Amino acid sequence: MAREQRRRRPAQLGGLSPPGSAALADGFREDVIAGLSLPQKVLPPKYFYDARGSRLFERICRLKEYYPTRCELALTRAHLGAIARFAGTGCALIEYGSGESRKSRLLIEALRPAVYVPVDISAVALAAAAAALRRRFPWLELRPVHGDFSRPLEIPAAGRARRVVYFPGSTIGNLTPEEAQAFLRMSRSQVGPKGAMLIGVDLKKDANVLHAAYNDARGVTAAFNLNLLARINRELGGDFDLRRFRHYAFYNAALGRIEMHLIALARQAVNIGRFRFEFAAGESIHTENSYKYSLEEFRALAQRAGFRGERTWLDRQGLFALHGLAAR
Ligand code: SAH
Ligand code: AVI
């Protein structure tokens, strides 16, 4: 548990705050102190994505073990015509967790959207993607939003065009099923009765395939996980010794999710500003869940959130799904 070394007003958690860099930075400190104070220490995965974390994630996407990106790109290319007919050309395309907007380029080409609104918590990834998109699609009406999609966000007006929310990459898997349902509900109210959603969801599969995807031989996923501690050191004045923590990822079949942890290799204490956290040898910080859904499980979740599962596209190996959801 955290020991407070000086008197301090309790952190205000859960309050709504406007999007923007200052609000996001304040939330980081509060969430880290709160998460490391729990009996099972946790850190929210949205904080992986500083400049270095976004670069590491882009490297993960190009690893041979990390099949989701490869499969989703392949299935999007293979079914682009049908996906475009489902979403409708000239729509307002809103993408959550857009990152490098790699898959989005395919959609932008096929859909010629009236406006494209990429939303991301990583200012660096968002700015780089926006610059690349402006070069490639000079005709595109582009309105990037730097913000946290787990909080209410102001999305720029999209005129009368049909709204389509794009949420690829199985980023939905990083939310608990309850959070995922709430997120889908929020998206449903955003697109309105005539809108739709395109959402990439990783499927349940052989645990060995999953294990390899989160334990790559080059250690890029390990570096991505450990960068969270490095970020706490850089931005919050922490003194984590990265050599004394190890990346650990496994498939929890009972809960249908990959869990990522950072394991303390020895008993130690870590200071973050005026807070001190004790670690027993072997104790973990739970840093990420990545839920996997069968087609039926995901359709049921979408149904509960006010969507109808209309179309599903799979890659040739059947590892990854893109669901086309219509408002119901
Ligand atoms: N859509 C891309 C990237 C997926 S990685 C793809 O399919 O490859 C997840 C992305 O979501 C990252 O770019 C990360 O910065 C962003 N992200 C994670 N949590 C977020 C949050 N709470 N709000 C906004 N963006 C978030
Ligand atoms: C962004 N998200 C869907 C990735 C995933 O697979 O859960 C993040 C990631 N974590 C480790 N590798 C990739």
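That block above? That's the structure.
Because the structure is a prediction, the values reported are computed rather than measured.

Undergrad: Break down the side chain of Ser 290 for me, with residues and values.
TA: Secondary-structure assignment places Ser 290 in strand β12 (residues 284-291). Taking relative accessible area as the criterion, Ser 290 reaches 4% and is therefore assigned buried. Polar contacts involving the side chain of Ser 290 include one to the side chain of Tyr 214, which spans 3.1 Å. Among the polar contacts listed, one links the side chain of Ser 290 to the side chain of Lys 292, at a separation of 3.2 Å. When neighbours within four sequence positions are excluded, Ser 290 is seen to be in contact with Gly 173, Asn 174, Tyr 214, Gly 256, Arg 257 and Ile 258.

Undergrad: Can you break down the sheet that holds β12 residue by residue, with the values?
TA: The pairing of strands in a sheet happens through backbone hydrogen bonds and is either parallel or antiparallel. With mixed pairing, four strands are arranged side by side in an open sheet as β2-β12-β9-β8. Here the strands that pair on one side only, and so sit at the sheet edges, are β2 (41-42) and β8 (245-252). Of the strand pairs in this sheet, strand β9 (residues 257-264) and β12 are connected by seven bridges, and their pairing is antiparallel. When the bridges of β12 are listed, Glu 259 appears paired with Asn 289. Sheet strands in contact with helix α9 (residues 220-236) are β8, β9 and β12, and its direction is about 60° off that of β9.

Undergrad: Pulling in residues and values, what's your account of the sheet that holds strand β5 (residues 145-146)?
TA: Spatially, β5-β4-β3-β6-β7-β14-β13 is the arrangement adopted by the seven strands of the open sheet, whose pairing is mixed. The open sheet terminates on both sides in strands that have one partner only, identified here as β5 and β13 (307-314). In this sheet, strand β4 (residues 115-120) lies alongside strand β3 (residues 92-96) in parallel orientation, the contact comprising five bridges. Residue pairing across strands places Tyr 96 opposite Val 119, the latter belonging to β4. Strands in contact with helix α4 (residues 80-87) are β6 (163-167), β7 (196-202), β13 and β14 (320-327); relative to β13, the strand with the most contacts, it is inclined by about 165°.

Undergrad: Could you give an account of the site of ligand 2, with specific residues and numbers?
TA: Near ligand 2 you find 14 residues, and of these Tyr 66, Asn 174, Tyr 214, Glu 288 and Ser 290 are the closest. Interatomic distance of 2.9 Å between a side-chain N/O atom of Asn 174 and a nitrogen atom of ligand 2. Within the side chain of Glu 288, an N or O atom sits 2.7 Å from a nitrogen atom of ligand 2. For ligand 2, the accessible surface in isolation is 340 Å², of which the surrounding protein chains cover 97%.

What counts, and where the lines are drawn
Residues numbered from 1 in each chain as written. Chains lettered and ligands numbered in written order. Predicted model: local features only at pLDDT ≥ 70, side-chain atom pairs only at ≥ 80, totals over all residues. Heavy atoms only, no water. Helix = DSSP H or I, 4+ residues; strand = E, 2+ residues; numbered from the N terminus. Buried < 20%, exposed > 50% of the residue type's maximum accessible area, 1.4 Å probe, protein only. Polar contact = N/O pair within 3.5 Å; in protein donor to acceptor, adjacent residues only side chain to side chain. Contact = heavy atoms within 4.5 Å. Pairing = 2+ DSSP bridges. Axes fitted to C-alpha atoms, helices over the stretch in contact; angles between N-to-C directions. Near = heavy atom within 4 Å. Areas by Shrake-Rupley, 256 points an atom, 1.4 Å probe, with all protein chains shown as cover.

By themselves these figures say nothing about function.
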